[in-house]
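The residues making up each chain are set out below.
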Amino acid sequence: MKDLAQPPHFGVLLKRYRRAAGLTQEALAERAGYSTSYLSKLERGEREPLPFTIVTLAEALGLAPDERAALARAAQPARASSRSRLLPHRASAGTGANPLPLVGRANEVALLEQHLEGAGPPLLLLLGEPGIGKTRLLQEAASQAHLQGWRILEGGCHRHSAQEPYAPLLEALEEYLAHLAPATQREQLHGCDWLIRLLPDLAEGTNLALPAWSVPPAQERRLLFAAVRRFLDQVAGPVGTLLVLDDLQWAGADALDLLASLLRAEGHHPLRLIGSYRSTEVQAADPLSQMVADLAREGRLHRAEVGPLAPSEATALLQLLLQGSQIEGHHPLIKTILQRTGGVPYFLVSCVQGLQSEALDGASNEAIPWAVAETIRQRVGALSEAAQYLLGAVAVAGHEARRSLLLALATQWEWGKREALTALEQACHARLLVEAGADVYRFAHDLIRESVGADLSATRRALLHQQVAEWLEQRGGELPVEALAYHYLQAGLPEQAIRYQEQAGDRAAAMYAHAEAEHAYRQLGDVLNRLGRSAEAAQAQEKLAAVLMAQVHYTEALAALAQARTAYQATQDLAGQARVVAMMGYLHGCLGATEEGIVLLQPWLEPPYVSMLSAQSRGLLSMHFSELLRTSGRFEDALAVAEQAALLARQAQDEALLGQAEWYLGNMLLSLGNLSAAGAAYQAALPLLEQAGDIRGLCIVLGNLMVLGYLSGDLRANESYLARAFPLARQIGDHHALEVMSMHQATNAFLLGAWARARQSFEETIALVRQADMRFGMLTYVLVGLGELLLCQGEEEAGIRCVEEARQMAEQGQDLNSLVAAQMVLAEYTLLRHHPHQAQTSLEPLAHQPGLDERNRLPSWTLLAWAYLEQGCDAEAGELLEQVLATGRTHHLRRVLVEALLVQARLATKQEQWDQAAQALEEAGRLCKEMPWPYAEAKALFVAGQTHARREQWDQARLCLEAALAICQRLGEQLYQEAIQQALDQLPLQGEPSSTPGDGEAL
C-alpha cells in the first residue's frame, strides 16, 4: 500500500535516480542543461524545482512512468512543506505522514509488538505480493517504536537500487543525517570515519577523515561495516535503534551483506530490523534468498507472510475510504469493488481514487485504475515470453483455465511441456496466477485478469479465442456449447458460433434457466441478422419470445415476435407468420388489449388465409382466438371456435396442440357454468400436456381444476392439486405459473379458514404480479381476494382501497368479470352496513350484462336478491333465487348453493315460512361441513340464530349465535362478528320476555 505513505524528499529521490542511472551530478547537469551547482542545491533540498524542471530531469534520467509520477509527487509544494516540518520528527520517530488507520491485521500487529519488545530474532521480514499492505505495516511498526523510545531510521529500495551501492541503508542514513544540525552530526558521527566511503558528502562540514594509508579491500569493507554499526549504536534512543527497510527484493548483495553483518555484530544498545520484500520477485538464487536462508539457520530472522485482507476487513477499509463520498452507500458498486480487488489494500485504494476522479470526468466505474494497471504491467513484463502468453490465454479462457488447455496452446507456439510448466510456475510465483485444484489455474485477483486481458492486441485476443474453442471441440465428452459459442464469436468466426449459440439457448430453456436462454437467443438473432440469414433469425426471435413470456416480459416478447413476423413476410413463410400472429394475439390478451388481439387474429381465420393454412396452423390460431373471445364475454362464439381448434388439432395429429386446445375448451365450458364438461376437458388435457413436456400448461390446467373445486366446494381436492402444481411451477421458474399457483394457494387457504396463510399468499402474489408487465385480470382478482380478506379481518380502509384499485383496473381493461367480482365484495359489505340500495345500484347494471360468466353471474344474482329482500322487493328476490338454485343444483355448484340458500332462508323467515327456512338452513349447513367452508358455516349459524329469534326460540337462537361467534373469533373475523354480537345482546336473559322484531325489520 505504498501510495498511502509519504514519498521521499525530492532531493533524496532525485539523487537516488541519478545514482541508479550511473550518473554524476556533472553528467546529469550536462544532459539536462543545468549547472552542477543548481543540481547540487536541488539534491540538498535548498531549492524547489519548477514543473518544467521536473519534466526535464525525468527525460534526462530516462525514468519510467511510475518513477516520473513519484518524482512529481515528491516535488509538490504542499506535500514538500508538510514533509519538511515532519522530517526531523520522522528521522527520530518514524511516523511519516498521517496514513489511514490500520484496518484488520491483528496477527501482524501482535507480531510487530512482540518484535519491538525484544522477543524473537533481531530481524523480522514481512513478505507478500505487491500492494498487499507491507509498507503500511512498516509505518505502524515505526509509529509504535517511536512511542516506546526507539531511534528509527527508515529507507527503501526501488527497481534500480541494485545499481546503487548499499541501498536501502544508504537512504536511511542520508535521510537521518540530512536533517541534523552540524553540531549534532559531528557528535553522532564521532569515530565513524569510514562512513565517508558510503557518504562522500560527509567530508564537507564534519571532522571525518579517512587515514592516509590504504588497506586491503576486504579489511576496508570490515571497517566500513563496523563504522555503520558504531553509528547506529551512537544514535540509539532510550530503547535502542530500529531500522525500517522497505522493498528489500531490490537490494544488492553488498547491502544485504552489510545487513547481515549488523545483525551479527555486538553493540552497546539493542539494534533491531524490520524489513519487507515482494516474495513474487525473489527467486531461490537471488542474494536476498541466500541471506534469508543463512540468517534463518542462525536463528536471527523471522519471516511473516502478509496475505489479502479478510472480506470483513476489506469491507471495513473500503467503507473508511468512501466516507463522505457520493458512493458511500452504493452497495452494488461496493460489492463489485470488493470482488475485483480480492482483499489487496493497494487495489482497494486505487479503485477508490479512480472512482473519485471518474466522478469528475464521467469515466466508467469498471475502468482499471491507471496505477493498478501500470503495476500489473510491470509484474507481467518481468516474466518470460511463454509466461506472458499463457497469462493472456487464461484471461481469454475465462476466470480459470485447465493445465491441459494451457499446455496444448503452448505447443502451438513450439514451447515444450517443460518450458510451459516453468512459465506457469513463474506466473504463480509472481502471484499473478494461483493453482485452484489439481490442474486448474486462475488469476489471483479480478483486476489482474482485467488488466492482462485489456493489454492483449485484438489480433492476439481473437487468435487465442479460436485456439481455446478448437481445443474445447477436440477434447471429447459433452461439448460446452455456451463456451464454444462465446469463444467463436470473440474470435470473429460467427458461422462456427451459430450452431453452438442455438444449442446453448435450447439447453438453458430446457433447464428453465430463462435469463441465460434469453441472452443466448438474443445473441443468436443478432449474429444471424448480421449474416443476412433472416429466416433463421426469425426462428431465434420466436424462441426468444417464449423465454421472455416465461419471465412475464410480455411487451418485450411482443416486440420480438413483431420482428419475426416481418422476416417471415419477407420470405413469404405463411406458416411462420400464422404461428407468430397466434402468439401475438395471446400476448395482447395478457396485456389487457383483448379487442386489439381479436382484430389481429380474425383475418387469419377468414379467406384467403384459411384455405392456405394447414390444420395445425388453423388450430393454433383458433385456440388463441377462442380465448380472446372468451375474455371479451362472447362465450357462445368462443365455445364454437374452441371446439373447432380441438378438431383441427386432432386432424393434424398434433397431441401437444390438442392438449392446449382441450385446456382452452375447458376454459369456455367453465365460463358457461358447465362444470362437468369443463372438468372432462381439463382431465383430457392433463396427460397430453404432460406427454408434450408442457409443464407450464400442466400447472395452469391444475389451477383451473382448482377453480372447479371452488365452485363445486371440493376444497380438500384442491389441496392435492396445489401440492402437485406448486413444485412444478417452482421447477420451471415460470413467473405466470407461480403467480397462478400463489393466487390459488391464497384463495383455498381463505376458504378453508387458514387466514394468516391466505393473507401472506395474497400479498406475495401481488408482489409477483407487480414485478411483471401489467395484466389486468390476474392483478384485479388477487386485489379483490386480499381486499375481501382485509374487510373480513376488520381492516376496512385497507380492504376498500384494495377492492377500489381492482375495480378501477377492471374498468380500464374493460374486464366485466373482474369488475363484477370487485363489486360483489363491496356489495356484501354495504349490505351488512344496512345500505341495500347502494348494493343494488352497483350490481344491477352489471348482473345481466352479456359476457358475464356463470362463475360471477350466479353469485351476483344472489347478492342482488339479498338487496331486493332488504328493500321489501320479495318477489324480485324470489325470482332471482329460484334461477340461481336451479342452476346450482343442475351443475352441483355447492358454494353458489350455500350463498343462495342463506338468502332463501332470510326470505322464508321474513315471510314466516318456517319449514322452508329450516330446510334451506339445514342444507346450507350440511354443504358447509362437507366442503369444509368454516366462514360460510358461521354465516349460516348467524342466519339460523336470527330465524330462531324471530320464532322466539331463545335457547336455539343463543346456541346458533354463540357457535357462529366462536367460529368468527377463531378465524379472526370482524365483519359479521359485530352483527352476531348485537343479535346475542338483543336476546332476553333466560326467564325474561323480549320483544319480537317486526316484519319490516332486517334479519
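All figures in this text were calculated on a predicted structure; none of them were measured in a lab.

Definitions and limits used
- Residues numbered from 1 in each chain as written.
- Predicted model: local features only at pLDDT ≥ 70, side-chain atom pairs only at ≥ 80, totals over all residues.
- Heavy atoms only, no water.
- Helix = DSSP H or I, 4+ residues; strand = E, 2+ residues; numbered from the N terminus.
- Buried < 20%, exposed > 50% of the residue type's maximum accessible area, 1.4 Å probe, protein only.
- Contact = heavy atoms within 4.5 Å.
- Areas by Shrake-Rupley, 256 points an atom, 1.4 Å probe, with all protein chains shown as cover.
- Axes fitted to C-alpha atoms, helices over the stretch in contact; angles between N-to-C directions.
- Parallel < 35°, antiparallel > 145°, perpendicular 65-115°, else oblique.
- Left-handed = near helix turned anticlockwise from the far one by under 90°.
- Expected span 1.5 Å × (residues − 1).
- Pairing = 2+ DSSP bridges.
- Disulfide = S-S within 2.5 Å.
- Core = buried A, V, L, I, M, F, W, Y, C linked by side-chain atoms within 4.5 Å.
- Polar contact = N/O pair within 3.5 Å; in protein donor to acceptor, adjacent residues only side chain to side chain.
- Phe/Tyr/Trp six-rings, centres within 6.5 Å; stacked < 30°, edge-to-face > 60°.
- Lys NZ or Arg CZ within 6 Å of the ring centre and 35° of its normal.
- Right-handed = clockwise from strand over helix to strand, strands pointing away.
- pLDDT = per-residue confidence, 0-100.
- Salt bridge = Lys/Arg side-chain N within 4 Å of Asp/Glu carboxyl O.

Draft legend 1. The arrangement of the overall build of the protein in detail. Scanning the protein for helices and strands turns up 49 helices and eight strands. Viewed in the frame of its principal axes, the protein has a C-alpha envelope of about 140 × 80 × 50 Å. Looking at the 1003 residues of the protein, the share that counts as buried comes to 54%. Of all intrachain contacts in the protein linking residues separated by at least 6 positions in sequence, the fraction that spans at least 24 positions is 66%. Looking at the protein as shown, the accessible area adds up to about 42,900 Å², and 51% of this sits on carbon and sulfur atoms.

Draft legend 2. Summary view of the packing of helix α25 (residues 514-530) against helix α26 (residues 534-550). Across the interface, α25 lies against α26 with an axial gap of 8 Å and an inter-helix angle of 160 degrees. In terms of orientation, α25 and α26 fall into the roughly antiparallel class. Where α25 crosses over α26, the handedness of that crossing is left-handed. The segment α25 lies against α26, with His514, Ala517, Glu518, Tyr521, Arg522, Leu524, Gly525, Leu528 and Asn529 engaging Ser534, Glu536, Ala537, Ala540, Gln541, Lys543, Leu544, Val547, Leu548 and Ala550.

Draft legend 3. Summary view of helix α24 (residues 494-510). With 17 residues, α24 should reach 24 Å at 1.5 Å per residue; the first-to-last C-alpha distance of 24 Å fits that figure. Taken together, the buried positions of α24 are Ala497, Ile498, Tyr500, Gln501, Ala504, Gly505 and Ala508. Within two residues after α24, Tyr512 carries a phi angle of roughly 60 degrees, on the positive side.

Draft legend 4. Representation of the sheet that holds strand β7 (residues 433-435). Strand order in the open sheet formed by three strands is β6-β8-β7, and the pairing between neighbours is antiparallel. Among the strands making up the open sheet, the edge pair consists of β6 (400-402) and β7. This sheet shows a mean twist of 30 degrees between the axes of neighbouring strands, independent of strand direction. Note: β7 against strand β8 (residues 440-443), three bridges, orientation antiparallel. Within β8, the residue paired with Leu433 across the bridge is Phe443. Across the sheet, helix α20 (residues 417-429) is in contact with β7 and β8; its angle to β7 comes to roughly 105 degrees.

Draft legend 5. Focus on the state of the cysteines. Per the stated rule, a full pass over the model turns up zero disulfides. The thiol of Cys590 is unpaired, and the distance to the nearest cysteine sulfur, on Cys699, comes to 16 Å. The exposure class assigned to Cys590 is buried, which follows from its relative accessible area of 12%. Lacking any disulfide linkage, Cys968 is separated from the closest cysteine sulfur, that of Cys792, by 9.1 Å. The buried category is assigned to Cys968, whose relative accessible area is 1%.

Draft legend 6. Just the nonpolar core, in detail. One finds Leu391 and Tyr935 to be the most contacted residues of the largest nonpolar core, which totals 270 residues. Sequence-distant contacts of Leu391, defined by excluding residues within four places in its chain, comprise Val380, Leu383, Ala427, Leu432, Leu433, Phe443 and Val452. Ala167, Leu199, Val292 and Leu301 belong to the second-largest nonpolar core, a separate cluster that totals 51 residues.

Draft legend 7. Broad picture of the environment of Leu864. Relative to the elements of secondary structure, Leu864 occurs in helix α43 (residues 854-870). Linking Leu864 and Leu224, residues 640 residues apart in sequence, is a C-alpha distance of 113 Å. Here Leu864 is in contact with Gln840, Leu843, Glu844, Ala847, His848 and Leu880, once residues within four sequence places are set aside.

Draft legend 8. Broad picture of the environment of Gln849. In this structure, Gln849 sits in the loop between α42 (836-847) and α43. The partly exposed category is assigned to Gln849, whose relative accessible area is 33%. Sequence separation between Gln849 and Asn817 is 32 residues; the distance between their C-alpha atoms is 10.0 Å. Leave out the neighbours within four places in its chain, and Gln849 touches Leu816 and Arg857.

Draft legend 9. Examining helix α37 (residues 735-752) more closely. For α37, which comprises 18 residues, the first-to-last C-alpha distance of 26 Å matches the rise-based estimate of 26 Å (1.5 Å per residue) to within 8%. Along α37, 16 of the 18 residues are buried, which leaves the element largely enclosed by surrounding structure. The backbone nitrogen of His736 lies 3.1 Å from a side-chain oxygen of the residue at the head of α37, namely Asp734. In the segment just after α37, Gly753 is the residue with positive phi, at about 95 degrees.

Draft legend 10. A look at the packing of aromatic side chains. Summed over all chains, the structure comprises 14 aromatic pairs. Aromatic pair Tyr389 and Trp413: ring centres 5.4 Å apart, planes at 55 degrees, arrangement tilted. Separated by 24 residues along the polypeptide, Tyr389 in helix α18 (residues 385-397) and Trp413 in the loop between α19 (403-412) and α20 bring together distant segments of the chain. Judged by centre distance (5.4 Å) and plane angle (35 degrees), the rings of Phe750 and Trp755 are tilted. Accessibility expressed as a relative area gives 9% for Phe750, which makes it buried. Above the plane of the ring of Phe726 lies Arg730, whose end atom (NZ or CZ) is 4.2 Å from the centre. Lys939 extends its terminal NZ or CZ atom over the ring of Tyr935, reaching a point 4.7 Å from the ring centre.

Draft legend 11. Inspection of unusual backbone geometry at higher detail. Cis geometry marks the peptide bond from Pro607 to Pro608; its omega dihedral reads 5 degrees. Mapped onto the fold, Pro608 is located in the loop between α29 (594-601) and α30 (609-612). Omega for the bond connecting Met931 with Pro932 falls within 30 degrees of zero, at -10 degrees, which places this linkage in the cis form. The topology assignment puts Pro932 in the loop between α46 (914-930) and α47 (934-950). Phi at Tyr166 is positive, roughly 65 degrees, even though this residue is not glycine.

Draft legend 12. Examining the pairing of strand β3 (residues 240-246) more closely. Across the seven residues of β3, seven count as buried, placing the element largely inside the fold. Here strand β2 (residues 150-156) runs beside β3; their pairing, made up of seven bridges, is parallel. Looking at the pairing, Gly156 lines up with Asp246 of β3. Relative to strand β4 (residues 271-278), β3 runs parallel, the two being bridged by five bridges. When the sheet's bridge partners are listed, Val244 is paired in β4 with Ile274. A crossover connection joins β3 to the parallel β4 through helix α12 (residues 253-264); in handedness this β-α-β unit is right-handed.

Draft legend 13. Highlighting the sheet that holds strand β5 (residues 301-305). The five strands are arranged β2-β3-β4-β1-β5 in an open sheet whose pairing can be described as parallel. Sheet topology places β2 and β5 at the edges, where each strand pairs with a single neighbour. Averaged over all neighbouring strand pairs, the angle between strand axes comes to 15 degrees, with direction disregarded. Sheet contacts for helix α7 (residues 106-116): β1 (123-128), β2, β3, β4 and β5; angle to β4, the most-contacted strand, approximately 150 degrees.

Draft legend 14. Representation of the side chain of His588 within the structure. Here His588 is to be found in helix α28 (residues 574-590). When near neighbours in sequence (up to four residues on either side) are disregarded, His588 contacts Leu558, Ala593, Thr594, Glu596, Gly597 and Leu600.

Draft legend 15. Up close: the environment of Tyr609. As for its position among the elements, Tyr609 is in helix α30. Sequence separation of Tyr609 and Leu574 is 35 residues, and the distance between their C-alpha atoms is 8.7 Å. If we ignore the near neighbours within four places in the chain, the residues touching Tyr609 are Leu574, Pro603 and Trp604.

Draft legend 16. How the structure looks around the confidence of the model for the protein. Here the protein averages 87 in pLDDT, while 92% of its residues score no lower than 70. The model gives residues 994-1003 a pLDDT under 50, and that stretch makes 16 contacts with residues more than four places away or in other chains.

Draft legend 17. Representation of the pattern of salt bridges in the model. This model, assessed by the stated rule, comprises 52 salt bridges. Between Arg403 and Glu435 there is a salt bridge, and its shortest N-O distance comes to 3.5 Å. Taken together, the positions of Arg403 in helix α19 and Glu435 in strand β7 put the pair 32 residues apart, joining distant regions of the chain. With a closest N to O distance of 3.5 Å, Arg724 and Glu690 form a salt bridge. Taken as a pair, Arg724 in helix α36 (residues 715-732) and Glu690 in helix α34 (residues 675-692) lie far apart in primary sequence, 34 residues in all.

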